[in-house]
Each structure stands twice: as structure tokens, then as C-alpha cells.
Amino acid sequence: NVETTRGGAENSNPLSNQNLPPKAHSSTLQSTMPVHSHPVTQDYKISRQVLGVGINGKVVECHNRKTGTKFALKVLRDVPKARREVELHYMASEHRHIVKIFDVYENTYNGVKCLLVVMECMEGGELFSRIQERAQSAFTEREGAEIMYDICCAVQYLHRMNIAHRDIKPENLLYSTKGSSGVLKLTDFGFAKRTDATAIRPLETPCYTPYYAAPEVLGPEKYDKSCDMWSIGVVMYILLCGFPPFYSAHGLPMSPGMKTRIRSGQYVFPSPEWDRVSEAAKDVIRGLLKTDPSERLTIDQVMAHKWITHYMKVPETPLFT
Ligand SMILES: O=C(c1ccc(-c2ccc(Br)cc2)o1)N(Cc1ccccn1)c1ccc(N2CCNCC2)cc1
């Protein structure tokens, strides 16, 4: 028996479940992603041409049998991690700066259940290659800001849907076509996760007494989104000078020194490459490469920053479509 005087202000029996917090309202619709179970080969001709190999899946070229249109086909083992990747990517794929998913198939090959994801074919290649093509030079501030604006639009859309991408890097930013008309889009949701409380089920179980729950258990995992902001800071730094803020002495993938410098936020804007870059641009990078995630700029703060909006070519006139 629990005295009603003790416990929450609502003066009710904390053990009864009718006074549990209202069901966490998930701000994004549970995407009921339509998955075809007939063979993908019925609708698409799959070529041997491998377009790329992601960490968790191969991407090959395919053509729609009816229209002849070329698409990219990603093949994944149908395991929970792959399901989550495709679900989250599918939820976000309506956005202009996120690679679109057209179809998802669940097919079994030699007894192995596979997920086959038909995506738009990004023929313009990776942002990584365009940075490399500049050799050791860099983009102008206007070019850099236009690229950053597109990336930030995609991230703002994800963060508003309570999705953290968690693997933002030039290799995961692809252009739809070659040349300057290509649209930059974010892909590879292999590390993406939901950041809203809906991910934490136990809170809903009636026997749960939240007396002992630490703040971080109550969610949302507030730092997942901020790790995207750090990555955006590193991409912006590279765009403007051609090399990364943290690197190992001999170009090795990672070194103890590099890890220490990242952990302590030890980076500089070296001469001569940074001498003619604006203070506004450096301010954005300083706000993103904060080692304390709670101090780091949020995506809304970056989108409101004058460096981004100042360079934005056309005003966002509200279209009455
Ligand atoms: O790793 C890199 C590197 C250079 C460019 C990039 C790079 C990484 C990702 C993208 Br997307 C696009 C570029 O990474 N290093 C370390 C290293 C040291 C020794 C041998 C190989 N590599 C690097 C090399 C030179 C500089 N500079 C500092 C300022 N003065 C000019 C030279 C900085 C970093």
C-alpha cells in the first residue's frame, strides 16, 4: 500500500498504470513501408555493373523493365539492422537532398532472406571525388556555402523527424548527375537511429516505477543529433581548405595523437589556406567543432547563421503548391 501523500504532485498511486505519462507521441508516422515479395527480377533487369560497395551492402546498376530507367539496387541480408536502415531511409527519402527509395523487395536467394532496395541512380559520384578533383585547393566560400546549405537542409529534415544519421561524410554525399546541375543528396542510413523516446519501450510497462530512472534513460538520446553536427563541421572545414581539421601525421587512418586532438578539439586554421576565409565561416566551424556536445550548434542554429543564409542564392519564397 502506497500512501498517496508521498510521490508525485498528482497525489495518485504511482503504482497504478492509469497515471502513466501519455503514450510518447512519435512526431513521425510509423512508416508502413510497402515491401514487395515477388522477385525483383520481374520488374528490374539487374546488370553485373557494380556501382559501389557500402560497408553493409553492395550497390549494383539495374534498369526498370517497363521504362528502361536506370536505378541503383542495394542488396542487404534481411536482418534487424538492415530493416532499421531501410525503414529510416524510406521515412526520409521524400526529401530533395536525400537519395530517394523507389521500391523495396524481400526475396530469398539460396535460403538467405535479402532486402533489395531500388534507389535513384546517383550518376554524379561522391562529394569526396569532387573535393579530390580540386587537388589540394578548395571550393570558394560561395560554393562551400551552397554545398553546406544542401547538406544542412537534409540534416534539418532528419533531425525534425527525430532521426540521427551518424555517418555524415563526403563519401555518403552523392550528386544526382555529373556537372554543376547535379543535386547533392545524403545516403547510407546504415548507422542511422531514432532519437525520440519511442525507442524506449520499458517506460510504458505498467510495473515500471520511474523513481530510479536516470535522466538519460528517460531519453531522448540527445547527443545522437549533435554527433551529426560535428561531422558537418569537419565536412565544412575540408570544403574550404581541402584537408581535414584532424589527421594523423603520415595520413594513416587513425593515430593516438589524432584521437587525442579530436577529443580535446585541438585544430587550427593554418596559413596560407585559411588566411582569406571569412570570420563568419570560421565561426560556424568553431560552433560545430565543440568537444562538449551540449555546446555544439544545433541544425536550426546553423541554418539561421548568416554565413549560410547570406550566400543562399534564391530566397525561400513560400510556394503555394
Ligand atoms: O590526411 C591528410 C589529408 C590531406 C587531405 C585530406 C583529405 C581528407 C578527406 C577529404 Br574528403 C579530402 C582531403 O587528408 N593529411 C595528413 C597527411 C600527412 C602526411 C602525408 C599524408 N597525409 C594532410 C596532408 C597535408 C595537409 N596540409 C596542411 C596544411 N598545409 C598543406 C598540407 C593536411 C593534412
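Residues numbered from 1 in each chain as written. Predicted model: local features only at pLDDT ≥ 70, side-chain atom pairs only at ≥ 80, totals over all residues. Heavy atoms only, no water.

Moving on, we get to the site of the ligand. Close to the ligand lie 14 residues; Gly242, Pro244, Tyr247, Ala249 and Glu273 are nearest. One of the side-chain nitrogen or oxygen atoms of Glu273 is found 3.0 Å away from a nitrogen atom of the ligand. Taking 710 Å² as the accessible area of the ligand by itself, protein coverage stands at 62%. Looking at side-chain class alone, the shell around the ligand contains 8 nonpolar, 5 polar and 1 charged residues. (Near = heavy atom within 4 Å. Polar contact = N/O pair within 3.5 Å; in protein donor to acceptor, adjacent residues only side chain to side chain. Areas by Shrake-Rupley, 256 points an atom, 1.4 Å probe, with all protein chains shown as cover. Nonpolar A, V, L, I, M, F, W, Y, C, P; charged D, E, K, R; others polar.)

Here Glu120 lies in strand β5 (residues 112-120). Judged by its relative accessible area of 14%, Glu120 is buried. One polar contact links Glu120 to Lys185, side chain to side chain, over a distance of 3.0 Å. Contacts of Glu120, omitting those with residues within four sequence positions, involve Phe71, Ala72, Ile98, Val99, Lys100, Phe102 and Lys185. (Helix = DSSP H or I, 4+ residues; strand = E, 2+ residues; numbered from the N terminus. Buried < 20%, exposed > 50% of the residue type's maximum accessible area, 1.4 Å probe, protein only. Contact = heavy atoms within 4.5 Å.)

Time to look at the sheet that holds strand β8 (residues 173-175). Strand pairing in a sheet relies on backbone hydrogen bonds. The paired strands run either parallel or antiparallel. Taken in spatial order, the 3 strands line up as β6-β8-β9 in an open sheet, and their pairing is antiparallel. Taken across any chain shown, the strands that pair with only one partner, and hence form the sheet edges, are β6 (125-126) and β9 (184-186). Pairing between β8 and β9: 3 bridges, direction antiparallel. Across the sheet, residue Tyr175 finds its bridge partner in β9, namely Leu184. Running at roughly 30° to β9, helix α3 (residues 141-160) makes contact with β8 and β9 of the sheet. (Pairing = 2+ DSSP bridges. Axes fitted to C-alpha atoms, helices over the stretch in contact; angles between N-to-C directions.)

Residues Ser271 and Pro272 are joined by a peptide bond in cis, for which omega reads -5°. Tracing the backbone shows Pro272 in the loop between α5 (256-263) and α6 (279-288). Although it is not a glycine, Arg166 adopts a positive phi angle of roughly 70°. You can see Arg166 is positioned in the loop between β7 (163-164) and β8. Arg166 sits in the partly exposed class, given a relative accessible area of 32%. One non-glycine residue, Asp188, lies in positive phi territory at about 65°. Its place among the elements puts Asp188 in the loop between β9 and β10 (193-194).

Per-residue pLDDT for the chain averages 85, and the proportion of residues at 70 or more is 80%. Note on residues 1-30: pLDDT under 50 across the span, and 33 contacts to partners over four residues away in sequence or across chains. For this predicted complex, the interface score ipTM comes out at 0.97, alongside a pTM of 0.84. (pLDDT = per-residue confidence, 0-100.)

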